[in-house]
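A closer look at the structure
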Amino acid sequence: MTDVLITGGRIVTAVDDYVGDILIRDGKIEAIARKLEVPSAQKYQASGLLVLPGGVDVHTHMESRQGIAETCDTYESGTRSAAFGGTTTIIDYAQQSKGESAIFALDNRLALAEPQVCVDYSFHLILTDINPEVLKELPDLINYDGVSSFKMFMAYPDILMVDDASIFKTMRAVGSHGGMVNLHAENGSVIQVLIEEALAQGNTSPKYHALTRPTIMEAEATHRAIRIAELAEIPVYIVHLSAKEALDVVVEARDRGIYAFAETCPHYLFLNIEEYDKPGFEAAKYVMTPPLREHHCQQALWRGLKFDDLQIVATDHCPFCFKENSSGWHRSKQVGKEDFSKIPNGAPGVELRLTLLYDGGVRTGKISLNRFVQLTATAPAKMFGLFPKKGTIAVGSDADIVLFDPNKEHILSAETHHSNVDYSLFEGRFITGKVEKVFLRGELIVDGDRWLGNKGKGQFQKRSASGTF
Ligand code: DUC
Ligand code: ZN
Ligand code: ZN
Ligand code: ZN
């Protein structure tokens, strides 16, 4: 592999900000200096551009089944879309079916993803059936397979929801081995009552998805999750935190010295509950869980990002097409046309995380440039055992590098994104700041609008301990 030299860019990490040259050799960062001369290297001039570590998105759902629906991005299309957005590593999910071995679930997902992935990848293991045999498998998954995070749902009774005892047992089983539990924190049993009441009253439109999932039921489950983790004496990670009330619970725990961590997602930062007032079935595009919240929640989330009560921004990319299509699995939102509770839960976004957060966070002064890198690359890599291989620009790290033009103006649209999904949550939004070039382990995979990557080139990442930073 020819050496690569990136010259004259503004190199930004979670802590640094300077102009310099980066030499890449055999996929890794070989040297960084004010000026490097390597005549034989392939050169890329980066003056005027930000040179950022490749993004790490720790929450995506490619080819993921939900009831009779399946997300519409394959591992190939979804990871290509990620790459165009400056994300070079994803952590997706392998889900244990009821009665299945967790190791079997991982092997199955690996076989599906491996020939397709265009960026580096790992999985969190979703546990749906916690029994003594499965608990015994977990240390092996951490120590031999490099899967150190386990997700459970406190919502969706009869489908995914596990009880508190299962959460506690799992925490105990993985904690001493460097594993961490991720939780979808909502009180699923209470929410189910509200859903049934709404439907009984004939309230079937998408807006009732939001109205039946109150913020205090997110806060209640967040509190329960953290207190159970406190008893088990292990760190805990709350996925897709959306509500101020839930954030308050995290802040309270962190102030007591508890290792409670949480992520939020771009849609909670930039959109609010008013989207559900869109006419007709249009609002179904915004049916994700938790739902979009009131405006005051957004302000709280930004504050949480700024003061490190929230550590990570991940996308929860879970794309279902809006329009019906005929191929195989029903993949569209139309499944829930007559009943909001049947609308597949999830929204797209894997390609937009960096641009949205740069435009709406850094440019507006809500977060600093270093914090932007911390939230999108460094903290996710550290939280889930990928650092320092991933998540930073340093000698010896993988050469996953994004050249970002901070002044380029563009308009977000489903017409120009690279996901299979047929709509954008941010259609027509005017943005300043764009991913220009993306290197995956030193190979240029995105060059402006051109795709230079290859499916199957993404490498599975065996991770070290989660939740230790
Ligand atoms: N939770 C997720 O993390 N993704 C999609 C749907 C859900 O409820
Ligand atoms: Zn969830
Ligand atoms: Zn998700
Ligand atoms: Zn259908």
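Residues numbered from 1 in each chain as written. Chains lettered and ligands numbered in written order. Predicted model: local features only at pLDDT ≥ 70, side-chain atom pairs only at ≥ 80, totals over all residues. Heavy atoms only, no water.

Let us look at helix α10 (residues 295-306). Over its 12 residues, α10 runs 17 Å from end to end, which matches the ideal 16 Å to within 8%, given 1.5 Å per residue. Buried within α10 are the following residues: C297, Q298, A300, L301, W302, G304 and L305. Tucked inside the fold, the buried residues of α10 contact α8 (244-255), β14 (260-264), α9 (266-270), β15 (312-313), α11 (353-362) and α12 (369-383). Phi for D308, located one or two positions after α10, is positive at around 70°. (Helix = DSSP H or I, 4+ residues; strand = E, 2+ residues; numbered from the N terminus. Expected span 1.5 Å × (residues − 1). Buried < 20%, exposed > 50% of the residue type's maximum accessible area, 1.4 Å probe, protein only. Contact = heavy atoms within 4.5 Å.)

Moving on: the coordination of the zinc ion (ligand 2). Every protein donor of the zinc ion (ligand 2) is listed here as H184 (ND1) and H240 (NE2), and their distances to the metal cover 2.0 Å. Between the zinc ion (ligand 2) and the zinc ion (ligand 3), the interatomic distance is 4.4 Å. Pair noted here: H184 is in strand β12 (residues 180-184) and H240 is in the loop between β13 (236-238) and α8, with a separation of 56 residues, a long-range link. (Donors = N, O, S within 2.8 Å, 3.2 Å for Na, K, Ca; no water.)

Turning next to the side chain of T222. Looking at the secondary structure, you find T222 in helix α7 (residues 215-232). Taking the relative accessible area as the measure of exposure, T222 reaches 0% and is therefore buried. If near-sequence neighbours (up to four positions away) are discounted, T222 is found in contact with A185, I238, A246, V249 and V250.

Further remarks concern the site of ligand 1. Close to ligand 1 lie H59, H61, Q66, K151, Y156, H184, H240, T289, D316, C318 and N345. In this structure, H240 approaches ligand 1 through a side-chain N or O atom, which is 3.3 Å from an oxygen atom. Protein contacts shield 97% of the accessible area of ligand 1, which totals 230 Å² for the unbound molecule. (Near = heavy atom within 4 Å. Polar contact = N/O pair within 3.5 Å; in protein donor to acceptor, adjacent residues only side chain to side chain. Areas by Shrake-Rupley, 256 points an atom, 1.4 Å probe, with all protein chains shown as cover.)

Bringing the packing of α7 against α8 into the picture now. In the contact formed by α7 and α8, the axes pass within 7 Å of each other and the chain directions differ by 25°. Taken together, the axis directions place α7 and α8 in an arrangement best described as roughly parallel. Crossing handedness for the pair α7 and α8: right-handed. Taken together, the residues of α8 that come into contact with α7 (itself represented by T215, I216, E218, A219, T222, H223, I226 and R227) are E245, A246, V249, V250, E252 and A253. Among the residues forming the contact of α7 with α8, the class breakdown is seven nonpolar, three polar and four charged. (Axes fitted to C-alpha atoms, helices over the stretch in contact; angles between N-to-C directions. Parallel < 35°, antiparallel > 145°, perpendicular 65-115°, else oblique. Left-handed = near helix turned anticlockwise from the far one by under 90°. Nonpolar A, V, L, I, M, F, W, Y, C, P; charged D, E, K, R; others polar.)

For the protein chain, the assigned domains are domain 1 (4-53 + 399-448) and domain 2 (55-374). Summarising the inter-unit geometry, the C-alpha centres of domain 1 and domain 2 are found 28 Å apart. Counting residues at the interface gives 41 residues for domain 1, matched by 45 residues for domain 2. A combined buried area of about 3400 Å² lies between domain 1 and domain 2, and 65% of that area is made up of carbon and sulfur atoms. Considering only the side of domain 1, the residues that lose the most area to domain 2 are H418, Y423 and L425, jointly responsible for 22% of the buried surface there. (Domains from an automatic or database assignment. Buried area = accessible area lost by both parts, 1.4 Å probe.)

Tracing the backbone through its elements, the reader meets T364 in the loop between α11 and α12. Of note is the side chain of T364, whose polar atom sits 2.7 Å from the backbone oxygen of G360. Engagement of the side chain of T364 in a polar contact is seen with the backbone oxygen of G361, the distance being 3.1 Å.

A separate point is the layout of surface pockets. By volume, the second largest pocket amounts to about 310 Å³. Lining the second largest pocket are 18 residues, with E351, H410, T416, H418 and K434 positioned closest to its centre. The residue inventory of the lining of the second largest pocket, partitioned by class, reads six nonpolar, nine polar and three charged. Two domains share the lining of the second largest pocket, each providing at least three of its residues, namely domain 1 (4-53 + 399-448) and domain 2 (55-374). (1 Å grid on protein atoms, 1.4 Å probe; cavity = no way out; pocket = protein on both sides within 12 Å on 5 of 7 lines; lining within 4 Å. Points joined across faces, edges and corners; volume = space filled by probe spheres on them.)

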